[in-house]
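Structure at a glance
Single-letter residue listing:
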Amino acid sequence: MKTFNKQYLFLGIAVVLYLVLTLTSGTKTDWDIHYKSLESSPYGTAALTQLLKAPEVKMEVENLRLTPYEIYDSLSESYSDNNLIIIGNQLELDKVSIESMLREAKNGRSILLAAEEFSRLLRDTLGFTTENNYSSIQIKDFDLKNGVNLEIDSVSLKTANNVAYFSDFELISSFNNYDTFTTEVLAKNENDTPVFIKVSVGNGAIYLLSTPKILTNIALLNNNNYKVISDIITTLPEGKYIRTEYYTLGRVGHQSLFRVVLSKLGLKEALQLLLLLLLIYLVFEAKREQRPLPEIIPLANESIGFIKTLSHLYVTNGTNKSILVKRKRYLLNHIRNKYYVNLTTDEIDQDIVLLSLRSGINEEELRQLFITVDKEITNPLTDGGFISANKLIDNFYSKEI
C-alpha cells in the first residue's frame, strides 16, 4: 500500500489558505481591456452604453453577440434595417461578414468599426492601412469635423500603495493610407494623422475609428471627455443600431463550465493556481512506483551447440559417405522442385543439358559435380576428396539463377 506523503498535506493547506486570503481580500480593479458593454471597470464601456441612451444622441442601440453575416443574412427579417457598431482591439472579420456589411452599406446602412487592428481582408477591401505607435502619446488636440478643438490633459489614478499616470486616451494606432476620393477624415491626433475616418459605400458609409480605448470608461468619464465622445457618436446618422459583442465576448452560451468562478477575480487566480499545482503533481507522479523486477535471462540459442555435437559425431565415426548421400539427396530434391529436372532417370545427359539451360551453370561443371559426388559415395578415399565434393555442391547453390 502506498504511504501517505506529508508534503501533499502541506500543499493542500497552502491552497486552502490561499483561497481564504483571496476571498477575504478587498475588491481589486479589473484592468483587462475587454470593452464589455455592462462593465464599469476602467476598460469596460458601461458609460458609453449610457451615453448611447441619451435623448440628444437619438440612437436606439440593441446589444447582441452575433456576426454581421448572422445579423444581416441569417436573421435578416428582424435586423435588416439596423445599422451596426463593433468595438474591440482586433477585428478579424471573415469574408461573408465583410460582404454582408458592404451590401448593407450600399443600401444606406451606417457601420462603425472601432479597433486598433483590422483584418487584412477588410483593409484591402476598403483600401486603407494603419500604423501603430507604442510610444507614450497623449492626445492634446482632437480636430473634429465641426471645428471643435479640445485640450486634453493627463490623469493620475491612485491605489492604496501606488500612483500611476495615464494619458486620457490611449492612442497607439492611426490611419496612414486611404482612398482620398471615398474617404473623409473626421478626427486627427496631435500628430495630425487621422484616427477617425468615414468611407462612403453606395448610399451608406463605414466609419473607422483606430482608437477604441477612447470609448472606455477610464477615458470617457475623465473631466469633460464625454463631449469628445459625444461628438464622435453624433457624427453617425440617427436610427436603430445593433452593437455586436461577438468579437469580444464570443457567442451566447459558449462559456466555460467555470464561468461563475472565472467571473470573480480572486477565484479566477485560485482556480488557475489549483490547475497548475495539479499539473505539477501529475508530472512528478507519472513515474510508476514499484519494486524492482528480477532480471530475466533469455534462453540460450542451442542450435550452434547441436550442430557442433552432430559434427563431432560424424567426424568421430568417419561417416563421410553418409553425409554425402544426404547432401546429394537434398540437392536432387532441390533441382527437381526448382527446375523440374529429374536426374534419377536413365537420360542423364539430356537432363544435364536441360538443367544447365535453366540454372545458368556450365554443363561441364554440372557433370564434374555429379561425377565427383558419386565417386566419393561409391569409393570414399580421403578427407580431401570429401571436402572437394562438398565445395562443388556449395558452388552449385551460389551460382544458380
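In what follows, the structure referred to is the one given above.
Residues numbered from 1 in each chain as written. Predicted model: local features only at pLDDT ≥ 70, side-chain atom pairs only at ≥ 80, totals over all residues. Heavy atoms only, no water.

**Focus: a nonpolar patch on the surface**
A cluster of nonpolar side chains, contributed by Leu276, Leu279, Ile280, Val283 and Phe284, occupies part of the molecular surface with about 520 Å² of accessible area. Here Leu276 shows up in helix 11 (residues 265-285). (Patch = residues over 30% accessible without salt bridge, like charges linked within 9 Å, V, L, I, M, F, W, Y side chains within 5 Å. Areas by Shrake-Rupley, 256 points an atom, 1.4 Å probe, with all protein chains shown as cover. Salt bridge = Lys/Arg side-chain N within 4 Å of Asp/Glu carboxyl O. Helix = DSSP H or I, 4+ residues; strand = E, 2+ residues; numbered from the N terminus.)

**Some details on the packing of helix 15 (residues 363-378) against helix 16 (residues 383-399)**
Running from N to C, helix 15 and helix 16 point in directions that differ by 145°, and their axes come no closer than 9 Å. Where helix 15 crosses over helix 16, the handedness of that crossing is left-handed. Contacts between helix 15 and helix 16 pair Glu365, Leu366, Gln368, Leu369, Thr372, Val373 and Glu376 from the former with Gly385, Phe386, Ala389, Leu392, Ile393, Phe396 and Lys399 from the latter. (Axes fitted to C-alpha atoms, helices over the stretch in contact; angles between N-to-C directions. Left-handed = near helix turned anticlockwise from the far one by under 90°. Contact = heavy atoms within 4.5 Å.)

**Structural notes on the environment of Val353**
Along the chain, the position of Val353 falls in helix 14 (residues 348-359). When near neighbours in sequence (up to four residues on either side) are disregarded, Val353 contacts Glu363 and Arg367.

**Some remarks on the packing of aromatic side chains**
The final tally for this structure, using the stated rule, is 6 aromatic pairs. Seen from their ring centres, Phe128 and Phe175 are 5.7 Å apart, and the 75° between their planes marks the pair as edge-to-face. Of the two residues, Phe128 sits in the loop between helix 6 (120-126) and strand 6 (129-132) while Phe175 sits in strand 9 (residues 173-177), which places them 47 residues apart along the sequence. In this structure, Phe128 and Phe175 share a single accessibility class: buried. Here Tyr246 and Tyr247 contribute two aromatic rings whose centre-to-centre distance is 5.0 Å and whose plane-to-plane angle is 90°, an arrangement assigned as edge-to-face. Tyr246 gets classed as partly exposed once you look at its relative accessible area, which sits at 24%. On the basis of relative accessible area, Tyr247 is assigned to the buried category, the value being 19%. (Phe/Tyr/Trp six-rings, centres within 6.5 Å; stacked < 30°, edge-to-face > 60°. Buried < 20%, exposed > 50% of the residue type's maximum accessible area, 1.4 Å probe, protein only.)

**Comments concerning the sheet that holds strand 11 (residues 194-201)**
Spatially, the 7 strands line up as an open sheet ordered 1-13-2-4-12-11-10, and their pairing is mixed. Of all the strands in the sheet, the pair left with one neighbour each is strand 1 (59-64) and strand 10 (183-188). Across the sheet, the axes of successive neighbouring strands diverge by a mean angle of 20°, strand direction being ignored. As defined by bridge partners, strand 4 (residues 110-114) adjoins strand 12 (residues 204-209) across 5 bridges and the pair is classed as parallel. The partner of Ile111 across the bridge, within strand 12, is Ile206. Packed on one face of the sheet, helix 5 (residues 95-106) meets strand 2 (83-87), strand 4, strand 11 and strand 12 and runs near 125° to strand 12. (Pairing = 2+ DSSP bridges.)

**Re the packing of helix 13 (residues 320-339) against helix 16**
Following both chains from N to C, one finds helix 13 and helix 16 inclined at 15°, their axes separated by 11 Å at the closest point. The angle between helix 13 and helix 16 places the two elements in the roughly parallel class. Between helix 13 and helix 16 lies a crossing whose hand is left-handed. Where helix 13 approaches helix 16, its residues Asn320, Ile323, Leu324, Arg327, Tyr330, Leu331, His334, Ile335 and Tyr339 are matched on the opposing element by Asp383, Phe386, Ala389, Asn390, Ile393, Asp394, Phe396 and Tyr397. Class assignment of the residues belonging to the contact of helix 13 with helix 16 gives a composition of 11 nonpolar, 3 polar and 3 charged. (Parallel < 35°, antiparallel > 145°, perpendicular 65-115°, else oblique. Nonpolar A, V, L, I, M, F, W, Y, C, P; charged D, E, K, R; others polar.)

**Topic: the pattern of salt bridges**
Per the counting criterion, the structure on display carries 8 salt bridges. Put simply, Glu363 and Arg367 hold a salt bridge, and the shortest N to O gap is 3.9 Å. Placement of both Glu363 and Arg367 in helix 15 is noted, with a separation of 4 residues, approximately one turn of the helix. By relative accessible area, Glu363 is classed as partly exposed at 29%. In the salt-bridge network here, residues are joined through shared partners; they are Asp73, Arg103 and Glu104.

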